[in-house]
Amino acid sequence: MTQLTQLQMKFAALFPEMELRFEEPMHKHTSFRIGGGVEIMAFPKSREELSDLLKASALLDLKPAILGAGTNILAPDEGIRGLVTCLKDCLSGMEDLGGNRVRVAAGVTMTRAAVFAANLGLSGMEFAHGIPGTVGGGIYMNAGAYGGELKDICESVDVMDFNGNFRTVAAEDMGFSYRHSMLEEEAGIVVSAVFCLTPMEPDQIKGKMKELQ
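Residues numbered from 1 in each chain as written. Predicted model: local features only at pLDDT ≥ 70, side-chain atom pairs only at ≥ 80, totals over all residues. Heavy atoms only, no water.

A.B. asks: In this structure, what is going on with helix 1 (residues 6-14)? I would like to understand it.
C.D. replies: At 3.6 residues per turn, the α-helix brings residues three or four places apart onto the same side. Burial in helix 1 covers these residues: Leu7, Gln8 and Phe11. The buried residues of helix 1 occupy one face: seen down the axis, they fall within an arc of 100°. Facing away from the buried side of helix 1, by more than 90 degrees, are the exposed residues Gln6 and Ala13. Lining the buried residues of helix 1 we find strand 1 (19-25), strand 2 (37-43), helix 2 (47-59) and strand 4 (80-86). (Buried < 20%, exposed > 50% of the residue type's maximum accessible area, 1.4 Å probe, protein only. Helix = DSSP H or I, 4+ residues; strand = E, 2+ residues; numbered from the N terminus. Arc of directions from axis to C-beta. Contact = heavy atoms within 4.5 Å.)

A.B. asks: What should I look at first to understand the pairing of strand 12 (residues 189-196) in this one?
C.D. replies: Counting buried residues in strand 12 gives seven out of eight residues, a clear majority hidden from the surface. One ladder, built from five bridges, connects strand 6 (residues 101-105) with strand 12; its direction is antiparallel. In the strand pairing of strand 12, arginine 101 is matched with cysteine 196. (Pairing = 2+ DSSP bridges.)

A.B. asks: Honestly, the nonpolar core in this entry has me stumped. Any pointers?
C.D. replies: As a rule of thumb, soluble globular proteins bury nonpolar side chains together. Core analysis: the biggest nonpolar cluster contains 45 residues, and Leu91, Met125, Ile139, Val157, Met174, Phe195 and Leu197 have the highest contact counts within it. Secondary-structure elements contributing two or more residues to this core are helix 2, strand 6, helix 3 (110-119), helix 4 (135-140), strand 10 (154-160), strand 12 and helix 5 (202-212). Apart from residues lying up to four places away in sequence, valine 157 is in contact with Ile139, Arg167, Thr168, Val169, Met174, Val190, Ser192 and Ala193. By size, the runner-up hydrophobic cluster in this structure holds eleven residues, among which are Phe15, Met18, Ile40 and Leu62. (Core = buried A, V, L, I, M, F, W, Y, C linked by side-chain atoms within 4.5 Å.)

A.B. asks: I keep staring at the pattern of salt bridges and nothing clicks. Help me out?
C.D. replies: Pairs can form between side chains of opposite charge once their charged atoms are near each other. The tally for this structure, following the rule as stated, stands at eleven salt bridges. Close ionic contact of arginine 179 with glutamate 149 constitutes a salt bridge, the shortest N to O distance being 3.3 Å. Of this pair, arginine 179 sits in the loop between strand 11 (166-170) and strand 12 while glutamate 149 sits in strand 9 (residues 148-149); the two residues are 30 residues apart in sequence, bridging distant segments of the chain. Assessed through its relative accessible area of 16%, glutamate 149 is described here as buried. Where salt bridges share partners, they join Glu19, Arg21, Glu24 and Lys45 into one cluster. (Salt bridge = Lys/Arg side-chain N within 4 Å of Asp/Glu carboxyl O.)

A.B. asks: How do you make sense of the sheet that holds strand 5 (residues 94-98) when you look at a structure like this?
C.D. replies: Strand pairing in a sheet relies on backbone hydrogen bonds. The paired strands run either parallel or antiparallel. Taken in spatial order, the five strands of this open sheet run 5-6-12-10-11, and their pairing is antiparallel. Two strands in the sheet have a free side with no partner beyond their single neighbour: strand 5 and strand 11. Across the sheet, the mean angle separating the axes of adjacent strands is 20° when strand polarity is ignored. Sheet contacts for helix 2: strand 10, strand 11 and strand 12; angle to strand 10, the most-contacted strand, approximately 50°. Docked against the sheet, helix 3 engages strand 5 and strand 6, running at close to 35° with respect to strand 5. (Axes fitted to C-alpha atoms, helices over the stretch in contact; angles between N-to-C directions.)

A.B. asks: Looking at this structure, how should I read the sheet that holds strand 3 (residues 65-67)?
C.D. replies: In spatial order, the strands read 1-2-4-3; together these four strands make up an open sheet with mixed pairing. Strand pairing shows two members of the sheet lacking a second neighbour, strand 1 and strand 3, which therefore form its edges. Averaged over all adjacent pairs, the angle separating strand axes in this sheet is 30°, with direction ignored. Pairing between strand 1 and strand 2: six bridges, direction antiparallel. Looking at strand 2, one finds that glutamate 24 is bridged to valine 38. On top of the sheet, helix 2 reaches strand 2 and strand 4; it is set at about 155° to strand 4, its chief contact.

A.B. asks: How do you make sense of unusual backbone geometry when you look at a structure like this?
C.D. replies: With the exception of glycine, the majority of residues adopt a negative phi angle, and the majority of peptide bonds are in the trans configuration. Unlike most non-glycine residues, glutamate 23 shows phi in positive territory, near 55°. Looking at the element boundaries, glutamate 23 is found in strand 1. For glutamate 23, a relative accessible area of 36% gives the class partly exposed. Its identity as a non-glycine residue notwithstanding, aspartate 61 has a phi of 55°, on the positive side.

A.B. asks: Help me understand the side chain of threonine 30 in this model?
C.D. replies: Structurally, threonine 30 is set in the loop between strand 1 and strand 2. Ignoring any residue separated from it by four or fewer positions in sequence, one finds threonine 30 in contact with Gly70, Ile73 and Ala75.

A.B. asks: Sorry, what's going on with the environment of glutamine 8 here?
C.D. replies: Its location among the elements puts glutamine 8 in helix 1. Glutamine 8 gets classed as buried once you look at its relative accessible area, which sits at 2%. Linking glutamine 8 and glutamate 39, residues 31 residues apart in sequence, is a C-alpha distance of 7.3 Å. Leave out the neighbours within four places in its chain, and glutamine 8 touches Phe22, Glu23, Glu39 and Ile40.

The values are spatial; any link to function lies outside them.
The structure is reproduced here in structure tokens:
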């Protein structure tokens with residue numbers, strides 16, 4: 001077995017119950033199937049684990065890279081030193097809040113979120129059905145297609161900073177513009193988002209999604 005780096009040993013000691021992979025190939029986690037080994041790739045399974053991981057990283061003066069579904073990511077062949085935190089399987093829930101509103105966790109794919117809303121008879125996410133990637137990545141860069149953007153349906157975003165602190169940001173304070181949000185300047189991680197949608201017959205919604213597809 002290859003000798004562990006000092007950083008790998010520190011994280012193994014700090015997080016004995018968390019899934020950590022050392023020298024994990026990035027090509028297994030990117031849609032382009034490229035990228036070399038990551039010194040540490042962490043797979044937290046809850047918001048609490050993520051917070052603990054970020055707090056420990058801050059104490060070590062280490063800023064982790066955040067990975068969702070890995071779509072459109074150009075990872076270097078020489079690999080990445082430091083920590084990559086994969087959130088695709090960490091933040092994965094969806095919830096009907098009533099009042100035509102749904103909360104979707106950042107690790108949920110845009111396609112799954114659109115189908116979830118359609119099954120509830122809620123329209124507004126049809127444009128997102130064919131967008132690759134996760135809701136977290138979509139919020140971060142205000143993803144859009146076919147004349148729709150996430151800013152049009154977003155009510156609020158739950159954000160965690162790189163010190164592990166959690167807050168809720170109203171959509172009007174997210175600085176949404178074309179393919180942009182304030183998170184590109186103010187470093188933070190999308191935990192979940194609340195979307196406000198419009199009632200419609202599920203068959204009509206699914207017909208629209210099929211037409212766009």
